[in-house]
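Listed below, chain by chain, are the residues.
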Amino acid sequence: AQTVTQSQPEMSVQEAETVTLSCTYDTSENNYYLFWYKQPPSRQMILVIRQEAYKQQNATENRFSVNFQKAAKSFSLKISDSQLGDTAMYFCAFMNWGGSEKLVFGKGTKLTVNP
Amino acid sequence: EPEVTQTPSHQVTQMGQEVILRCVPISNHLYFYWYRQILGQKVEFLVSFYNNEISEKSEIFDDQFSVERPDGSNFTLKIRSTKLEDSAMYFCASSDRTSGYNEQFFGPGTRLTVL
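Residues numbered from 1 in each chain as written. Chains lettered and ligands numbered in written order. Predicted model: local features only at pLDDT ≥ 70, side-chain atom pairs only at ≥ 80, totals over all residues. Heavy atoms only, no water.

Asks: Could you clarify how one ought to interpret the overall build of chain A in this entry?
Replies: Helices and strands together make up the secondary structure of chain A, namely 0 helices and 12 strands. Oriented by its inertia axes, the alpha-carbon framework of chain A measures out at about 40 × 30 × 20 Å. Here chain A holds 115 residues, and 48% of them are scored as buried. For chain A, the share of sequence-separated contacts (at least 6 apart) that also reach a separation of at least 24 residues comes to 56%. Entry remark: accessible area of chain A is about 5,700 Å², with carbon and sulfur atoms responsible for 44%. Counting 11 positive and 10 negative side-chain charges, chain A places the averaged centre of each group 3 Å from the other. (Helix = DSSP H or I, 4+ residues; strand = E, 2+ residues; numbered from the N terminus. Buried < 20%, exposed > 50% of the residue type's maximum accessible area, 1.4 Å probe, protein only. Contact = heavy atoms within 4.5 Å. Areas by Shrake-Rupley, 256 points an atom, 1.4 Å probe, with all protein chains shown as cover. Lys, Arg positive; Asp, Glu negative; His and termini not counted. Charge placed at Lys NZ, Arg CZ, Asp CG, Glu CD.)

Written as structure tokens, this is what we have:
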């Protein structure tokens, strides 16, 4: 079974600075997807960024980028130029490719951006 | 922008009572999911549903749980006889799977408290 581990329960960063959230996972599959979801306080989870395991190039979405290390089974999220609106819970998640539709989540990292 | 909605936002019930949690998926989506998050723990997959059938369920989803799409818009999760350990946030998600991967859009959740 797949597992996802987020080792940082809480993090904080100053506005405009850069922060990296860690995620490791365990799977025997070769093809899969990895996701970072953001959950602002009292609001729904929204997808921040995704990575297909077969792609070597790291995904980027504006200020959000990932460092995907397939051999190390590591998938960290870097947020550049942090903004107050980035304050949220961040969940790392895994999904098999072409098989089970379920997302397997980590426990989340609570990120606070300070003014 | 279309969103997944869930009602109620908070449900308090007595142990042994039946509860129904309601979700309205995004209108053109055909794949539906329930997840739950016990306080301080991971978001866990419960069940996926497509074409009026359960397509996958976790070991958590025992005979106490059922899902239904009673009409063209609602998707419900019923817990027949609630236990204290059912207290959790319950998230509904939906997907259209027309993209190359299965992006799931989440609702804001229902907080279930069993007393």
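Asks: Explanation requested: unusual backbone geometry in the structure shown.
Replies: As a rule of thumb, non-glycine residues mostly have phi less than zero, and peptide bonds are mostly trans rather than cis. Between T7(B) and P8(B) the backbone carries a cis peptide bond, its omega angle lying at -10 degrees. Inspection of the secondary structure assignment puts P8(B) in the loop between strand 1 (5–7) and strand 2 (10–13). Non-glycine residue A16(A) carries a positive phi angle of around 80 degrees.

Asks: Please explain the layout of surface pockets as it appears in this structure.
Replies: Regions of empty space are outlined by a rolling probe, equal in size to a water molecule, passed over the atoms. In this structure, the largest pocket occupies an estimated 470 Å³ of space. What lines the largest pocket is a set of 23 residues, among which Q39(A), M89(A), F91(A), Q37(B) and R111(B) lie closest to the centre. Looking at the lining of the largest pocket, the elements with two or more residues in it are strand 10 (88–96) and strand 12 (109–114) of chain A together with strand 9 (88–95) of chain B. In terms of residue class, the lining of the largest pocket is built from 11 nonpolar, 8 polar and 4 charged. Lining the second largest pocket are 15 residues; nearest its centre among them are Q2(A), K102(A), V104(A), E44(B) and F45(B). (1 Å grid on protein atoms, 1.4 Å probe; cavity = no way out; pocket = protein on both sides within 12 Å on 5 of 7 lines; lining within 4 Å. Points joined across faces, edges and corners; volume = space filled by probe spheres on them. Nonpolar A, V, L, I, M, F, W, Y, C, P; charged D, E, K, R; others polar.)

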